[in-house]
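Listed below, chain by chain, are the residues.
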Amino acid sequence: MTDAAEDQRFMAAAIRLSLRNLGRTGTNPSVGCLLVKDGTVLATGVTDVGGRPHAERIALAAAGEGARGATAYVSLEPCSHHGRTPPCADALIEAGVARIVVSVTDPDERVSGRGLAMLQAAGIAVRTGVLEVEGRRALAAYLTRQVKKRPHVTLKLAVSPDGMIGRLGAGQVAITGPVARGQVQVLRAQSDAILVGIGTARADDPELTCRLPGLADRSPIRIVLDHDLRLPPYGKLALSARAVPVIAVAAEPPRFDDVTDKAFLARRSVLDEAGVEVLQCDPRKLHVLLQGLASRDISSLLVEGGATVAASFLEAGLVDRIHLYRGAVPVGEGGVRSPLVPGVAPAGFSLVRSLALGPDHFEEYERDLSCSLES
Ligand code: AOF
Ligand code: ZN
């Protein structure tokens with residue numbers, strides 16, 4: 001195998017490994033690191049839950065003296081700053097690593113090329129940009145929050161063969177089967193927050209938690225766009241707000257004769273008591289809301305419905321990735337039309353993955369790079 005092919009093979013493994021703690025490292029990226037010598041993996045490391053220790057330190061600790069003369073494959077540039085831990089670049093130099101292969105350079109202004117420069121200055125051979133597209137995909141939440149100061153947004157839609165996402169007044173309609181639903185639950189576990197509109201919250205009474213065995217403690221924060229604060233206090237979301245946080249995003253309360261609407265205040269105090277946080281921010285100003293969520297350490301946001309919310313995120317140019325499921329059973333009369341249909345790439349997006357999930361079909365679209373620079 002050529003050196004280049006071997007670099008790609010080990011970097012692919014480091015990136016795959018990094019996915020293990022996706023959504024569990026706070027604002028710190030989940031990074032994967034492999035230490036390799038003579039074509040054999042000596043040790044591996046993934047950024048620990050909570051964000052520390054960093055991946056390189058875990059791999060170096062596992063390899064011990066064996067790290068001397070090894071090649072390190074890291075999905076993100078090793079850090080150069082004294083943050084809550086000393087620089088990984090120093091640790092790699094001290095351990096006597098001979099060569100470093102990196103996928104993505106770190107946009108964190110404390111690092112941003114300095115990690116690579118430190119390694120090179122110490123005489124270590126450095127190669128960057130290996131499987132960069134895949135590396136950026138795995139680090140998308142971190143990179144988006146760092147660069148755009150907003151969370152990375154995934155829009156998920158489950159669409160029936162007749163182009164519907166549900167039926168008016170019918171509550172939750174099962175569009176897809178258990179395999180697809182399981183995949184959505186994994187996506188929830190990997191996201192920091194999940195967002196729906198008040199229409200969906202009222203009509204479907206969803207729980208929006210991750211209920212896969214073993215992943216129940218990884219439910220994301222639940223956010224409802226709720227302009228007039230109509231979230232039912234006895235719905236599943238409010239009733240479970242003490243176990244898994246719920247944020248209702250409401251506009252400024254209406255005022256009559258300069259007195260704040262009493263009914264609004266009453267609704268707010270009931271929700272306060274249930275443990276629901278009311279965030280005052282006009283839910284129609286999505287850019288402002290997303291900046292606010294990023295400043296609360298939310299790096300990845302999963303938008304789960306309904307049609308109005310999906311359309312407004314798309315119109316605002318705030319969708320980075322789309323997960324589109326096509327179910328097998330038509331909804332028929334009274335259906336709610338989906339803003340997107342499977343098989344047709346939305347403008348500015350490209351298909352990156354497509355697979356069958358039992359009777360259903362799954363498509364993943366990513367925002368084209370030229371469009372993703374703007375918002
Ligand atoms: C690495 N390896 O596994 C990760 C890195 O608060 P601190 O000190 O943990 O620093 C956080 C920054 O460290 C984060 O913004 C990013 O630049 C880097 N994350 N670096 O060498 C890792 N997770
Ligand atoms: Zn580090």
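That block above? That's the structure.
Residues numbered from 1 in each chain as written. Chains lettered and ligands numbered in written order. Predicted model: local features only at pLDDT ≥ 70, side-chain atom pairs only at ≥ 80, totals over all residues. Heavy atoms only, no water.

Caption draft 1: Seen up close, the nonpolar core. The biggest cluster of nonpolar side chains holds 29 residues, and the ones touching the most others in it are Leu195, Ile223, Leu289, Leu301 and Phe313. Secondary-structure elements contributing two or more residues to this core are β6 (152-159), β8 (193-197), β9 (221-225), β10 (246-250), α11 (286-295), β14 (300-303), α12 (307-315) and β15 (321-326). When neighbours within four sequence positions are excluded, Leu289 is seen to be in contact with Leu195, Leu225, Val249, Leu279 and Cys281. Residues Ala67, Ala95, Val104 and Tyr142 belong to the second largest nonpolar core, which totals 26 residues. (Core = buried A, V, L, I, M, F, W, Y, C linked by side-chain atoms within 4.5 Å. Buried < 20%, exposed > 50% of the residue type's maximum accessible area, 1.4 Å probe, protein only. Helix = DSSP H or I, 4+ residues; strand = E, 2+ residues; numbered from the N terminus. Contact = heavy atoms within 4.5 Å.)

Caption draft 2: Summary view of the site of ligand 1. Around ligand 1 sit 21 residues in total, of which Thr47, Arg52, Glu56, Asp106 and Asp108 are the nearest. Interatomic distance of 3.0 Å between a side-chain N/O atom of His81 and an oxygen atom of ligand 1. Contacts to ligand 1 include Asp108, whose side-chain N or O atom sits 2.6 Å from an oxygen atom. Within the complex, 96% of the 520 Å² of free accessible area of ligand 1 lies under protein. Residue assignment for the shell around ligand 1 shows that the elements contributing at least two residues are α2 (55-63) and α6 (140-148). (Near = heavy atom within 4 Å. Polar contact = N/O pair within 3.5 Å; in protein donor to acceptor, adjacent residues only side chain to side chain. Areas by Shrake-Rupley, 256 points an atom, 1.4 Å probe, with all protein chains shown as cover.)

Caption draft 3: Focus on empty space enclosed by the protein. A complete count under the given rule lists 1 cavity of 30 Å³ or more for this structure. Roughly 30 Å³ of internal volume is contained in the largest cavity. The leading source of residues in the lining of the largest cavity is helix α9 (residues 236-239), at 3 residues. In terms of residue class, the lining of the largest cavity is built from 5 nonpolar, 1 polar and 2 charged. (1 Å grid on protein atoms, 1.4 Å probe; cavity = no way out; pocket = protein on both sides within 12 Å on 5 of 7 lines; lining within 4 Å. Points joined across faces, edges and corners; volume = space filled by probe spheres on them. Nonpolar A, V, L, I, M, F, W, Y, C, P; charged D, E, K, R; others polar.)

Caption draft 4: Spatial organisation of the pattern of salt bridges. Taken as a whole, this structure holds 16 salt bridges when the rule is applied. One salt bridge connects Arg150 with Asp320, and the closest N-O pair in it is separated by 2.9 Å. Placement of Arg150 in the loop between α6 and β6 and of Asp320 in the loop between α12 and β15 is noted, with a sequence separation of 170 residues between them. A relative accessible area of 8% means that Asp320 is categorised as buried. Arg353 is the salt-bridge partner of Glu364, the closest N and O atoms lying 3.1 Å from each other. Pair noted here: Glu364 is in strand β18 (residues 360-367) and Arg353 is in strand β17 (residues 349-357), with a separation of 11 residues, a long-range link. The structure contains a network of salt bridges with shared partners spanning Asp7, Arg99 and Arg127. (Salt bridge = Lys/Arg side-chain N within 4 Å of Asp/Glu carboxyl O.)

Caption draft 5: Seen up close, the layout of surface pockets. In this model, the largest pocket occupies a volume close to 1200 Å³. Every residue lining the largest pocket is counted, 47 residues in all, and those nearest its centre are Thr200, Asp204, Glu304, Gly305 and Gly306. Listing elements by their share of the lining of the largest pocket, those giving two or more residues are β6, β7 (164-167), α7 (178-190), β8, α8 (198-204) and α12. The calculated volume of the second largest pocket comes to roughly 810 Å³. What lines the second largest pocket is a set of 38 residues, and nearest its centre among them are Leu19, Leu22, Arg137, Ala138 and Arg321. When residues of the lining of the second largest pocket are assigned to their parent elements, the largest contribution, 4 residues, is made by α7. Split into classes, the residues belonging to the lining of the second largest pocket amount to 16 nonpolar, 14 polar and 8 charged.

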